[in-house]
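Commentary on secondary and tertiary structure
Spelled out, the chains give:
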Amino acid sequence: EDQVTQSPEALRLQEGESSSLNCSYTVSGLRGLFWYRQDPGKGPEFLFTLYSAGEEKEKERLKATLTKKESFLHITAPKPEDSATYLCAVQEGSNYKLTFGKGTLLTVNP
Amino acid sequence: SQTIHQWPATLVQPVGSPLSLECTVEGTSNPNLYWYRQAAGRGLQLLFYSVGIGQISSEVPQNLSASRPQDRQFILSSKKLLLSDSGFYLCAWSRQGGEQYFGPGTRLTVT
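Notes on the structure in this doc start here. (Residues numbered from 1 in each chain as written. Chains lettered and ligands numbered in written order. Predicted model: local features only at pLDDT ≥ 70, side-chain atom pairs only at ≥ 80, totals over all residues. Heavy atoms only, no water.)

1. Overview of the sheet that holds strand β6 (residues 56-59) of chain A
All names here are of chain A. Read across the sheet, 5 strands follow the order β1-β3-β8-β7-β6 without closing on themselves; strand pairing throughout is antiparallel. A strand with exactly one partner marks an edge of an open sheet, and here the two such strands are β1 (4-7) and β6. On average, adjacent strands in this sheet sit at an angle of 15° to one another, irrespective of strand direction. Pairing analysis gives 6 bridges linking strand β3 (residues 19-25) to strand β8 (residues 70-75), with the strands arranged antiparallel. Within β8, the residue paired with S20 across the bridge is H74. (Pairing = 2+ DSSP bridges. Helix = DSSP H or I, 4+ residues; strand = E, 2+ residues; numbered from the N terminus. Axes fitted to C-alpha atoms, helices over the stretch in contact; angles between N-to-C directions.)

Right, dumping it as structure tokens:
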């Protein structure tokens with residue numbers, strides 16, 4: 001069973017059409033949940049870290065939220081340059097390791 | 001500011017040939033270092049991580065190995081490549097735990 005599941009696998013939006021990406025996790029003792037953006041052929045770019053349920057973080061058109069079982073990445077009025085794969089990862093207990101989901105491919109059409 | 005470098009950017013190697021990928025980090029000391037492989041449809045898979053010079057932890061049994069000869073240098077190697085070793089290899093660093101910062105990656109194709 002996957003510890004981190006992202007949905008949907010792919011999402012196509014029109015410019016300005018707000019939506020949310022989901023990341024559900026099953027680890028116990030969550031140390032941190034991380035969101036990354038990855039453009040084709042490049043390394044993931046760090047966006048946010050969330051540590052506890054109820055926490056929220058924002059950056060431009062993106063807002064990440066965390067509950068005890070899942071995290072949402074809300075995209076408000078997206079632009080074509082927001083098109084990318086968004087990855088979610090969790091860190092458990094005192095472990096250094098990150099466990100990644102398979103990502104959501106977001107396409108924003110002009 | 002911190003910068004992470006990987007080279008080469010692209011590599012095409014025949015089956016059975018050796019491999020050496022290098023990663024260096026600038027602007028920080030005693031980072032944790034990581035090697036990941038990203039295959040289509042499978043997400044990021046952690047291969048090795050290191051918390052200090054000469055300290056390597058392996059996550060997945062395979063024909064790859066890693067070494068950390070200097071504080072900010074991490075090398076991924078293989079003596080004989082397999083077709084299944086093809087993929088996008090990513091190096092990352094972090095301060096202790098917490099968020100990891102990734103390099104630009106190496107696209108490896110084994111033919």
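2. A few points about the nonpolar core
Within the largest apolar cluster, 23 residues are counted, with the highest numbers of intra-cluster contacts made by L33, W35, L73 and Y86 of chain A. Tallying contributions element by element places strand β9 (residues 84-92) of chain A first for this core, with 4 residues. Other than its neighbours up to four places away in sequence, Y86 of chain A contacts Q6, L21, W35, Y36, R37, L47, L62, L73, G103, T104 and L106 of chain A. V25, W35, L47 and F74 of chain B belong to the second-largest nonpolar core, a separate cluster that totals 20 residues. (Core = buried A, V, L, I, M, F, W, Y, C linked by side-chain atoms within 4.5 Å. Buried < 20%, exposed > 50% of the residue type's maximum accessible area, 1.4 Å probe, protein only. Contact = heavy atoms within 4.5 Å.)

3. A short note on the packing of aromatic side chains
Applying the stated rule across the entire model yields 12 aromatic pairs over all chains. Their ring planes at 70° and their centres at 5.7 Å tell us that F46 of chain A and Y101 of chain B sit as a pair that is edge-to-face. With F46 of chain A in strand β5 (residues 45-50) and Y101 of chain B in strand β10 (residues 101-102), the pair connects residues from two separate chains. Taking 6.0 Å as the distance between ring centres and 75° as the angle between the ring planes, the aromatic pair formed by F100 of chain A and F102 of chain B counts as edge-to-face. Of the two residues, F100 of chain A sits in strand β10 (residues 99-100) while F102 of chain B sits in strand β10, which places them in two different chains. Overall, the relative accessible area of 9% leaves F100 of chain A in the buried class. (Phe/Tyr/Trp six-rings, centres within 6.5 Å; stacked < 30°, edge-to-face > 60°.)

4. Describing the state of the cysteines
All names here are of chain A. In the structure shown here, the tally under the stated rule is 2 disulfides over all chains. Linked covalently through their sulfurs, C23 and C88 form a disulfide whose S-S length is 1.9 Å. On the S-S bond that ties C23 to C88, the torsion sits near -60°, and the link is left-handed. You can see C23 sitting in strand β3 and its partner C88 sitting in strand β9, a full 65 residues away along the chain. For the pair C23 and C88, a shared accessibility class is recorded, and that class is buried. (Disulfide = S-S within 2.5 Å.)

5. A closer look at the sheet that holds strand β8 (residues 73-78) of chain B
Residues and elements named next belong to chain B. Here we have 4 strands laid out as an open sheet, ordered β1-β3-β8-β7, and antiparallel in their pairing. Both outer strands of the open sheet, β1 (3-7) and β7 (64-70), are each paired with one neighbouring strand and no more. Strand-to-strand twist across the sheet, computed as the mean angle between neighbouring axes with direction ignored, equals 20°. One ladder, built from 5 bridges, connects β1 with strand β3 (residues 19-26); its direction is antiparallel.

6. Thoughts on the interface of chain B and chain A
At the junction of the two partners, chain B supplies 23 residues and chain A supplies 19 residues. Carbon and sulfur atoms supply 59% of the area that chain B and chain A bury against each other, a total of about 1500 Å² over both sides. In terms of surface lost to chain A, no three residues of chain B exceed L44, E99 and F102 of chain B, which account for 27% of the buried area on that side. Remark: the boundary between chain B and chain A carries 1 salt bridge. Here E59 of chain B ties to K97 of chain A by a salt bridge, and the two come within 2.9 Å at their closest N and O atoms. Sort the elements by how many residues they give to the side of chain B that touches chain A and strand β5 (residues 43-52) of chain B lands first, with 5 residues. Of the residues assigned to the side of chain B that touches chain A, the class counts are 11 nonpolar, 9 polar and 3 charged. (Buried area = accessible area lost by both parts, 1.4 Å probe. Salt bridge = Lys/Arg side-chain N within 4 Å of Asp/Glu carboxyl O. Nonpolar A, V, L, I, M, F, W, Y, C, P; charged D, E, K, R; others polar.)

Scope: geometric values only; no functional claims are made or implied.
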